[in-house]
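An overview of the molecular structure
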Amino acid sequence: MTIFTNFLFVPASKPERYEKAMVSGADLICIDLEDSVPASAKDSAREDAIDALKWLDLSKTAVRINGIRTAEGLADLLALRASDKKPCLLFIPMVEHAVEIEIAKSALGVGTGGFVPLIETVRGLSNAIEIAAADGVAAVMFGGGDFSGELGVKMDWEPLLTARSQLVMACAAAKVYCVDVPFIDIANEAGLADETARVKALGFHAKAAIHPSQIAIIKMGMKPTEAEVAEAKDALAAFEASGGAVIRHKGQMLEVPIVKRYQQILASA
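Below: a short report on this structure. Note that the coordinates shown come from a computational prediction; the quantities given were computed from them, not determined experimentally.

This brings us to the nonpolar core. Core analysis: the biggest nonpolar cluster contains 60 residues, and Ile65, Leu90, Ile92 and Leu167 have the highest contact counts within it. With 7 residues, the top contributor of residues to this core is helix 8 (residues 157-174). Every residue in contact with Leu167, bar those within four places of it in the chain, is listed here: Ile119, Leu125, Ala128, Val140, Met141, Phe142 and Cys178. Counting 18 residues, the second-largest nonpolar core is a separate cluster that includes Cys30, Ala62, Met141 and Val179.

Turning to the pattern of salt bridges, a few remarks are in order. Evaluated as defined, the whole model comprises 16 salt bridges. Residues Lys54 and Asp51 are paired through a salt bridge, measuring 3.7 Å at the closest nitrogen-oxygen approach. Residue class for Lys54 comes out exposed when judged on its relative accessible area of 59%. Residue Asp51 is classed as partly exposed on the basis of its relative accessible area of 40%.

This part takes up the sheet that holds strand 8 (residues 206-209). The strands making up a sheet are joined through hydrogen bonds of the backbone, oriented either antiparallel or parallel. Spatially, the 8 strands close up into a barrel ordered 1-2-3-4-5-6-7-8, and their pairing is parallel. Across the sheet, the mean angle from the axis of one strand to that of its neighbour is 25°, orientation sign disregarded. Summarising the sheet, strand 7 (residues 177-180) and strand 8 pair through 2 bridges and their orientation is parallel. Counted as the bridge partner of Val179 is Ala206 from strand 8. Packed onto the sheet, helix 4 (residues 99-108) meets strand 4 (89-92) and strand 5 (115-119) and runs at close to 145° relative to strand 5. Its contacts with the sheet put helix 8 on strand 5, strand 6 (139-142), strand 7 and strand 8, and the angle it makes with strand 6 is roughly 175°.

Relative to the helices and strands, Ala193 resides in helix 9 (residues 189-202). Between the C-alpha atom of Ala193 and that of Leu53, which follows or precedes it by 140 residues, the distance is 32 Å.

Where helix 7 (residues 144-151) meets helix 8, the closest approach of the two axes is 11 Å, and the angle between their N-to-C directions is 110°. One way to sum up the angle between helix 7 and helix 8 is to call them roughly perpendicular. Considering the relative orientation of helix 7 and helix 8, their crossing is right-handed. Here Gly144, Phe147, Ser148 and Leu151 of helix 7 lie close against helix 8, whose contacting residues are Pro159, Leu160 and Ala163. For the contact of helix 7 with helix 8, a count of residues per class yields 5 nonpolar, 2 polar and no charged.

Conventions we followed
- Residues numbered from 1 in each chain as written.
- Predicted model: local features only at pLDDT ≥ 70, side-chain atom pairs only at ≥ 80, totals over all residues.
- Heavy atoms only, no water.
- Core = buried A, V, L, I, M, F, W, Y, C linked by side-chain atoms within 4.5 Å.
- Buried < 20%, exposed > 50% of the residue type's maximum accessible area, 1.4 Å probe, protein only.
- Helix = DSSP H or I, 4+ residues; strand = E, 2+ residues; numbered from the N terminus.
- Contact = heavy atoms within 4.5 Å.
- Salt bridge = Lys/Arg side-chain N within 4 Å of Asp/Glu carboxyl O.
- Pairing = 2+ DSSP bridges.
- Axes fitted to C-alpha atoms, helices over the stretch in contact; angles between N-to-C directions.
- Parallel < 35°, antiparallel > 145°, perpendicular 65-115°, else oblique.
- Left-handed = near helix turned anticlockwise from the far one by under 90°.
- Nonpolar A, V, L, I, M, F, W, Y, C, P; charged D, E, K, R; others polar.

All we've got here are geometric facts, nothing functional implied.
The structure is reproduced here in C-alpha cells:
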C-alpha cells in the first residue's frame, strides 16, 4: 500500500488543479467525485478523472467515488472498471457495512491497491471493526463532517473524541491505517497544528487536507519529533543490550509492548 501521512482532496470537476495538487508536496492526492462535485457536473467530472488517470502518477493518486448505494457511485465503479488505469487507493464514502467493500471489490475488478471506507455515520461506526477487517481494506477514514451532522453537534474536538477513539481501536484491531477528517478552517494554522498533534497522539496515521497550504503543517505534525526518535533509539538499544529481558531504563520499565511502540516510531520516522 502507498504509505502516507497526508493527502490532498482535489475536486474532480476542477481538472486544472490536478497537476498543481500533484506537485503540492502531498504524499497522495485524492480526486473527489463526491462532495465537492455538484450533481449537474457528475458525468463530466467522472470523465475528467478517468482521463487524468492516463497521465497522473498512479502510485500517488487515489479517487473518492460517490456512495455505492447511489446511482452515481455505481457509475463511478463501472467507469473505473472499464479503465485500464486504476488509482492506488479507492475511497468509498458513507460505508455502513462490510459487504459494501465486497460489492465495490467485485464491481471494480483487479488493479486497485486497496480500499479506504469512510465512516461517516453512527451505524457505520458500530460496524467499524468488521469494515476495517474486510478483505482489501488498506485504511479507514473518519468522516467527521457527516458524523457531526448526524449527531447535531459542531465539528469540534470534544463532541467527536469518542467516535475518533472507537475508530482508532477498530483500525488497530484490523491492523490498517486510520485517517482523520480534514480541518475545515483553512486560515487557522494553529488550530490545524493542534488538531494534528491530537489525532497523532490518539493513534491516527494520517490526516486529510483540503488546501495545499495545510500539507506542510500536517506533515510536520504527523512526523515523529527528533526527541521522540532519539528516545526510541536509546530505549531500543538498551532493550537489545539486555537480551530482550524486562529492564528498568531511565526510571521506566521496558518490556515488549513498550518496545513495540518505539519500533513503530522509528518505522514512521
